Amino acid sequence: MGTLTQNGPPHGFEEQNLFSPELSTQKMQLGHISEYGSAPAGFQPGVSKMWRNIVYKSIKIVIFSNKLNLLIPFGPLAIVVHILTGHNGLVFLLSLLGIIPLAERLGYATEQIAMFTGPTIGGLLNATFGNATELIIAIYALRNGMIRVVQLSLLGSILSNMLLVLGCAFFCGGLVFNGKEQVFNKATATVSSGLLLMAVMGLLFPAVLHYTHTEVHYGKSELALSRFSSCIMLGAYAAYLFFQLKTQKDPYIPLSEEGDQNGENNNDDDETPEISKWEAVFWLSIMTAWISILSEYLVDAIEGTSHTWNIPISFIGVILLPIVGNAAEHAGAIMFAMKDKLDISLGVAIGSSTQISMFGIPFCVVVGWIMGQPMDLNFQLFETATLFITVIVVAFFLQEGSSNYFKGLMLILCYLIVAASFFVHEDPPPEGKP
């Protein structure tokens, strides 16, 4: 996923790295020290200073190199407000703001690890952690029995990526390259559109089965069909990953090579890790744990916020919550589009939608099955119809293999229509649920 960091390490720390030759030598010396006794006079302070420099460099790169991290203090503030006042609306807002930079840094740490593991493992890591924020929030909501919040937040993430994120990327890229037609790999976009249509099929049949009252066992057939379809969708997504990472390695090579032959963006592709592998693993663990803590406060405050702000839960789940998880995707897609790397922008926006629809939603159904929660694929008629129309609209925009600012503007306006629709939409009472 895209991040907001600048290329290259911060000034003054270029030569410091956990795997540098100097550090390796000092580690060997430290090993001899531990084997034969105490350190020589004056050696231990040097080692301490070296480790302080490493820690300072890592904190500076991960925490202080991104202006978005100014929102991090809102996370602890949300916990303090919850303890002192219990004001649900304020706790929800502060948690929402506090998770945004953590989600972006989570994507950054995943990218850093992927640089050490190679394209195959890196692709799997991006598939796993690319939408980790949405999945963490969904699992906490599922544990609390808030199945509709899970369904709405995952649906909102798909709609946000397909309309808002992709629309902003097309719009900004079209403005920067106004006199040039931006192109992308049409074949890859077609495969992603096919997967999204398959996901719509998986969501459509349980809803149709429910609303036509044609279940063999009322209240049970719908849930059984959802669990069976989820297993099929997870298998299809695994096959898609194998096809993408093994059979068809780097589907964006042809257009990238064409750009390189024109002498464009050569310097942008020379990316090196800014932190070491174990530093990235450490920060990945810290960000995941902190997101998990804030997600619990966020989920607990949703219903109270709906009553306090007089906003439908459907609007909170479909529009507000996805803003948190899609912060990194939004910034990254725009950044790559403005560098005329539209294939990467498309992979960020449509790829994330594919992950949620073919992996995130079925995964939550299976997790709910394990937890004993009746999570199913019946997202209700209004939500399923919205997703179906959105996939069709985006597929039409992608069929030509090119983009401009007008297409981006149309997608953004479509998202505004969807947002307004959910603002005036109220969930029907959960009748017929087991």
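Before reading further, recall that the structure is shown in the block above.
This section reports on the structure supplied with the text. The structure displayed is predicted, hence computed values, not measured ones. (Residues numbered from 1 in each chain as written. Predicted model: local features only at pLDDT ≥ 70, side-chain atom pairs only at ≥ 80, totals over all residues. Heavy atoms only, no water.)

With respect to unusual backbone geometry
Selection criterion: Helix and strand assignments come from DSSP, with helices taken as H or I runs of at least 4 residues and strands as E runs of at least 2, each series counted from the N terminus.
A positive phi angle is found at Asn310, which is not glycine, with a value near 55°. Examined against the element boundaries, Asn310 turns out to sit in the loop between helix 12 (302–309) and helix 13 (313–325). At Gln380, a position not held by glycine, the phi torsion is positive, near 75°. Within the secondary structure, Gln380 sits in the loop between helix 15 (342–371) and helix 16 (381–398).

Digging into the nonpolar core
Definition in use: By nonpolar core we mean a set of buried residues, namely Ala, Val, Leu, Ile, Met, Phe, Trp, Tyr and Cys, connected to one another through side-chain atoms within 4.5 Å. The rule is simple: take the accessible area with a 1.4 Å probe, protein chains only, and divide by the maximum for that residue type; under 20% is buried, over 50% is exposed, in between is partly exposed. Contacts are assigned to residue pairs with any non-hydrogen atoms lying within 4.5 Å of each other.
Counting residues in hydrophobic clusters, the biggest one holds 101 residues, and the most contacted among them are Phe92, Leu166 and Leu398. Setting aside chain neighbours within four positions, we find Leu398 in contact with Leu166, Phe170, Phe184, Lys186, Ala189, Ser193, Leu346 and Ile350.

Observations concerning the packing of aromatic side chains
Condition: Aromatic rings from Phe, Tyr and Trp, taking only the six-membered ring of Trp, are treated as a pair when their centres fall within 6.5 Å; an angle between ring planes under 30 degrees marks them as stacked, one over 60 as edge-to-face, and anything in between as tilted.
Under the counting rule described, the total for this entry stands at eight aromatic pairs. For the ring pair Phe170 and Phe184, a centre distance of 6.2 Å and an interplane angle of 15° mean the geometry is stacked. Within this pair, whereas Phe170 is found in helix 7 (residues 147–176), its partner Phe184 is found in the loop between strand 1 (182–183) and helix 8 (186–211), the two being separated by 14 residues in sequence. For Phe170, a relative accessible area of 1% corresponds to the buried category. You can call Phe184 buried: its relative accessible area is 4%. Between the aromatic rings of Tyr237 and Phe359, the centroid separation amounts to 5.9 Å while the plane-to-plane angle is 35°, which identifies the pairing as tilted. Of this pair, Tyr237 sits in helix 9 (residues 221–247) while Phe359 sits in helix 15, placing them 122 residues apart in sequence.

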